[in-house]
Amino acid sequence: MTIRENLINKKKIVIKIGSSSITHCETGEIDYGRLEKFIRELINLKNMGKEVVLVSSGAIAVGTKVMNLTKRPSLIEEKQAVAAIGQANLMMCYQKIFGEYNQKVAQILITKDLMDHPVRRQNAQNTINALLKMGVIPIVNENDTVATEEIVYGDNDTLSAIVGSLITADLLILLSDIDGLYSEDPRKNNKAMHIPEVEEITEEIEKMAGGVGSCVGTGGMATKICAAQIATDHGVDMIIANAGMHHVIGKIFEGKPIGTLFIAH
Ligand SMILES: Nc1ncnc2c1ncn2[C@@H]1O[C@H](COP(=O)(O)OP(=O)(O)O)[C@@H](O)[C@H]1O
Ligand SMILES: N[C@@H](CCC(=O)OP(=O)(O)O)C(=O)O
C-alpha cells in the first residue's frame, strides 16, 4: 500500500478552510455553493466512521461584509470587532447547513498560547475529544478578541496544526485556493513546478513559500509550511489541497495524488 492509499485508514481528521475558499473573491460574499459541497464532504467523512474537526477562518471576511464595509478595516481593534460580528454569522451559516443533514456542530475559540498552559491545554483537549465522542463536529477559530497575533500574521494555518497535535490527529488537511506547494508562487511565475510530496521541510522548501496571493487570504504559503513543520513534528501527516477541486476530500481518501502531502516523521 502506498502512503497515499493508506490515507483511507486515517481516523481522526482536522480540516482547515481559509477565508479565500469560503468567499467570492470579487464580492467578498460567502460562496454558499462551495460551502455546501464542502460540508457534504465533511458529513460523508463522518459517515465513513471518521472523527472530523473543522478549523474555519472567515470571521473577518464575513464581518466586513455584514457591516457593508468596502474593505477589511486597517485598525487592529476594528478587525477584532468585525471578527466578533463575522464569527457569529459564520457559525449561523455552518449550523444551518450542517443542520440540514442533522449534524450537530460546536464552536471552539482558542488561542495558540494554549500550548504553553498545561491546564488550559488539557481542558481544550478534553472538550474537543468529548465533542467527538458525542458525534459533534467542533468548528475551531482563533479567539480574535483576546489574541491579535493571527490577525496580524494571518495564521489559522498554524492554529490548525496546533489543534492537530493537541488531539493527536492522524491527518491535517489545509484547503486553500491553490492545489498545494509550488517551487515558487505560481501567481507570480507560471513556470513554477508543483511539489506532490515533501518528506522533510528543508531550507529549500521554506524558501519556496511566498506570501498571500488572493484578496482575502492572509499568511500565504509561508504559514502553511510553518503548520506542516508543527504537524509533522507531532506525527501528523498534512496535505495542502485546492478547496475548489470537485470532491477534493473524497479524492484525498481515494488515494489520488492531489495537492502536496507532507509526511510525518
Ligand atoms: N510556493 C508557493 N506555492 C503555492 N502558493 C504560493 C506559494 N507562495 C505563495 N503562494 C500563495 O499562497 C496563497 C495561498 O495562501 P492564502 O492566500 O493565505 O490562502 P488561505 O486563505 O487559503 O489560507 C496562494 O494563492 C498563492 O498565491
Ligand atoms: N481568525 C481570523 C483569521 C484570518 C486568517 O487566518 O485567514 P486565512 O488566511 O484565510 O486562514 C478570521 O477568521 O478571519
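Scroll up to find the structure.
On a predicted model such as this, the values are computed, not experimentally measured, just so you know. (Residues numbered from 1 in each chain as written. Chains lettered and ligands numbered in written order. Predicted model: local features only at pLDDT ≥ 70, side-chain atom pairs only at ≥ 80, totals over all residues. Heavy atoms only, no water.)

1. Structural notes on the sheet that holds strand β3 (residues 105-110)
Turning to step 1, where the next piece is worked out: The sheet built from 8 strands is open, its strands ordered β3-β4-β2-β1-β5-β7-β8-β6 with mixed pairing. Every other strand in the sheet has two partners, leaving β3 and β6 (197-198) as the edge strands with one partner each. (Pairing = 2+ DSSP bridges. Helix = DSSP H or I, 4+ residues; strand = E, 2+ residues; numbered from the N terminus.)

2. Side note on the nonpolar core
Turning to step 1, where the next piece is worked out: In terms of nonpolar packing, the biggest core is built from 40 residues, with Leu181, Met238 and Phe262 touching the most fellow members.
Turning to step 2, where the next piece is worked out: Breaking this core down by element, the ones donating at least two residues are β2 (51-56), β3, α5 (118-133), α7 (156-166), β5 (171-176), α8 (203-208), α9 (220-233) and β7 (237-242).
Turning to step 3, where the next piece is worked out: Among the elements that line this core, the one with the most residues is α9, at 5 residues.
Turning to step 4, where the next piece is worked out: Contacts of Leu181, omitting those with residues within four sequence positions, involve Met193, His194, Ile195, Val198, Ile205, Met208, Met221, Ile225, Thr260 and Phe262.
Turning to step 5, where the next piece is worked out: Within the second largest apolar cluster, 37 residues are counted, among which are Ile39, Leu90, Ile97 and Phe253. (Core = buried A, V, L, I, M, F, W, Y, C linked by side-chain atoms within 4.5 Å. Buried < 20%, exposed > 50% of the residue type's maximum accessible area, 1.4 Å probe, protein only. Contact = heavy atoms within 4.5 Å.)

3. Focus: the packing of helix α2 (residues 32-47) against helix α4 (residues 76-100)
Turning to step 1, where the next piece is worked out: Axis separation between α2 and α4 bottoms out at 10 Å; the angle between their running directions is 55°. The orientation of α2 relative to α4 falls into the category oblique. Between α2 and α4 lies a crossing whose hand is right-handed. Judged by residue contacts, Tyr32, Leu35, Glu36, Ile39, Leu42 and Ile43 of α2 engage Cys93, Tyr94, Ile97 and Phe98 from α4.
Turning to step 2, where the next piece is worked out: When grouped by side-chain class, the residues that make up the contact of α2 with α4 number 9 nonpolar, no polar and 1 charged. (Axes fitted to C-alpha atoms, helices over the stretch in contact; angles between N-to-C directions. Parallel < 35°, antiparallel > 145°, perpendicular 65-115°, else oblique. Left-handed = near helix turned anticlockwise from the far one by under 90°. Nonpolar A, V, L, I, M, F, W, Y, C, P; charged D, E, K, R; others polar.)

4. What about the pairing of strand β1 (residues 12-17)?
Turning to step 1, where the next piece is worked out: Burial analysis of β1 places 6 of its 6 residues in the buried class, which makes it a mostly covered element.
Turning to step 2, where the next piece is worked out: Alternating residues of β1 divide into Lys12, Val14 and Lys16 and Ile13, Ile15 and Ile17, and every residue in both groups is buried.
Turning to step 3, where the next piece is worked out: Strand direction decides the pairing type here: β1 and β2, joined by 6 bridges, are parallel. Bridging from a neighbouring strand, Val14 pairs with Val53 of β2.
Turning to step 4, where the next piece is worked out: As paired strands, β1 and β5 are joined by 5 bridges and run parallel to one another. In the sheet register, Val14 faces β5, and the bridge partner there is Leu172.

5. Considering the packing of α7 against α9
Turning to step 1, where the next piece is worked out: In contact at an axis separation of 8 Å, α7 and α9 are set at 15° when each is read in the N-to-C sense. Here α7 lies roughly parallel to α9, going by the angle between them. Judged by the twist between their axes, the crossing of α7 over α9 is right-handed. For the pair α7 and α9, the contacting residues are Asp157, Thr158, Ala161, Ile162 and Ser165 in the first and Gly220, Thr223, Lys224, Cys226, Ala227, Ile230 and Ala231 in the second.
Turning to step 2, where the next piece is worked out: Class assignment of the residues belonging to the contact of α7 with α9 gives a composition of 6 nonpolar, 4 polar and 2 charged.

None of the figures reported here should be taken as evidence of function without further support.
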